[in-house]
Amino acid sequence: MATPNRATLINRTLKVVKKHYKPVPAVKDRTLFEHLMFACLLENSPHEVAEQVFSTLKENYFDWNEVRVSTIRELSEVSKPLFDSADAAARLKQTLHSVFEGIYQFDLETLKKQNIGQSAKQLQKLNGSTPFVIAYVTQMALGGHSIPVNNGLLIAMHVVGVISDNEFKTRTVPGLERTISKSKGIEVGSLLHQLGVEIGRNPYGPHARKLLLEIDPKCKDRLPKRKPPEPPAPLPKPVPVEPKGKAAAKDAKKKGAKPAAAAPTAKKDVPARVPAKKKPPAKPVKRTTKAGTKSPTKPAKKKSTTTKLTKRKPK
């Protein structure tokens, strides 16, 4: 939905912010590359903490190439004072890799000679660069008019009604640069950054709620709410185990049912195999002779062919 009083809400936000925070002066003796590295650390943390970590990196490491070849775990230990040390270390390392692989050096001063829009597009192509980082470098190094917006400031602008749901999803705050003059851009940007750090660190805390209600007393229903914890998954139902043997017989007696007959074992029910009886040999048949006596029959002898051949007379 469109907000017709967008400028009014932005000015009301600035009045409340000026009561609670003080502007941070800009550091002018840094190169464009150093502003890029500092923005990676500053995004979700206070200025003084980001300055401390930035100084530690420059003192403890030989050069930015040594920082580039370090692991994210090592960089997270160095950037531990930051509110999002792991994310800041990942942004820093990815940006360093992208710059080195593009030009094989850590010098981006040539971007100052180009058009601001063209230079901003080249910064957008760097892996690890976020909208906050690009806006900060555009404002501090390129001389453009762009207010850096971190995650906490985006939440605050959405709660007080400055931006709609769709603008919140696209992470844009239209009308911010039109409402704030370029001469006050750095000052107001530092104030809004401090508000974003407070809201982003704990959007459900009492101090964050107090600031948002002071900006817009009617935003009570739009305040960030904690998500209710998800109910634990139900445990699976136990599968009943059927009792066996004696336990089954006892359960059957309790229920009044006859216990099931046990399965016959192989030894008792299956009869053993009896070896088959051998048939007695057949008795020889007796033949009667001329004298009337019986004699056992003998098999007739076959005349061999050799004897027949031998008895033949030669022709």
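Residues numbered from 1 in each chain as written. Predicted model: local features only at pLDDT ≥ 70, side-chain atom pairs only at ≥ 80, totals over all residues. Heavy atoms only, no water.

Some points on the packing of helix α1 (residues 6-20) against helix α13 (residues 206-215)
So, step 1. Between α1 and α13, whose axes approach to 9 Å, the crossing angle comes to 135 degrees. In terms of orientation, α1 and α13 fall into the oblique class. As α1 runs across α13, the sense of the crossing is right-handed. Here R12, T13, V16, K19 and H20 of α1 come into contact with α13, specifically with L211, E214 and I215.
So, step 2. Residues belonging to the contact of α1 with α13 are distributed by class as follows: three nonpolar, two polar and three charged. (Axes fitted to C-alpha atoms, helices over the stretch in contact; angles between N-to-C directions. Helix = DSSP H or I, 4+ residues; strand = E, 2+ residues; numbered from the N terminus. Parallel < 35°, antiparallel > 145°, perpendicular 65-115°, else oblique. Left-handed = near helix turned anticlockwise from the far one by under 90°. Contact = heavy atoms within 4.5 Å. Nonpolar A, V, L, I, M, F, W, Y, C, P; charged D, E, K, R; others polar.)

Some remarks on the pattern of salt bridges
So, step 1. On inspection of all chains with the given rule, the structure shows eight salt bridges.
So, step 2. Ionic contacts of the salt-bridge type, sharing partners, join the residues E43, D84 and R91 into one network. (Salt bridge = Lys/Arg side-chain N within 4 Å of Asp/Glu carboxyl O.)

Focus on helix α2 (residues 32-42)
So, step 1. α2 sits mainly inside the fold: eleven of its eleven residues count as buried.
So, step 2. On its buried side, α2 packs onto α3 (47-60), α4 (64-69), α6 (85-103), α8 (131-140) and α12 (185-201). (Buried < 20%, exposed > 50% of the residue type's maximum accessible area, 1.4 Å probe, protein only.)

Comments concerning a positive patch on the surface
So, step 1. Where like charges cluster on the molecular surface, the positive patch consists of R12, K15, K19 and K218.
So, step 2. On the secondary structure map, K218 appears in the loop between α13 and α14 (246-255). (Patch = residues over 30% accessible without salt bridge, like charges linked within 9 Å, V, L, I, M, F, W, Y side chains within 5 Å. Areas by Shrake-Rupley, 256 points an atom, 1.4 Å probe, with all protein chains shown as cover. Lys, Arg positive; Asp, Glu negative; His and termini not counted. Charge placed at Lys NZ, Arg CZ, Asp CG, Glu CD.)

Describing the packing of aromatic side chains
So, step 1. The full count for this structure, using the stated rule, is eight aromatic pairs.
So, step 2. Aromatic side chains F33 and F106 sit 5.4 Å apart centroid to centroid with 40 degrees between the ring planes, which places their arrangement in the tilted category. Of this pair, F33 sits in helix α2 while F106 sits in the loop between α6 and α7 (116-124); the two residues are 73 residues apart in sequence, bridging distant segments of the chain.
So, step 3. Residue F33 is classed as buried on the basis of its relative accessible area, which comes to 2%.
So, step 4. One aromatic cluster is present, built from ring pairs that chain together F33, F38, F54, W64, F100, Y104, F106, F132 and Y136.
So, step 5. Between R30 and the ring centre of F38, over which it is positioned, the NZ or CZ distance is 4.5 Å.
So, step 6. One Lys or Arg, R68, reaches over the ring of F100 and ends 4.1 Å from the middle of that ring. (Phe/Tyr/Trp six-rings, centres within 6.5 Å; stacked < 30°, edge-to-face > 60°. Lys NZ or Arg CZ within 6 Å of the ring centre and 35° of its normal.)

A word on the packing of α2 against α6
So, step 1. Their axes nearest at 8 Å, the elements α2 and α6 cross at an angle of 155 degrees. Classified by the angle their axes make, α2 and α6 are roughly antiparallel. Contacts between α2 and α6 involve F33, L36, M37, C40 and L41 from the former and A88, R91, L92, T95, L96 and V99 from the latter.
So, step 2. Here the contact of α2 with α6 is composed, by residue class, of nine nonpolar, one polar and one charged.

Everything listed here is a matter of coordinates, which is why it stays silent on function.
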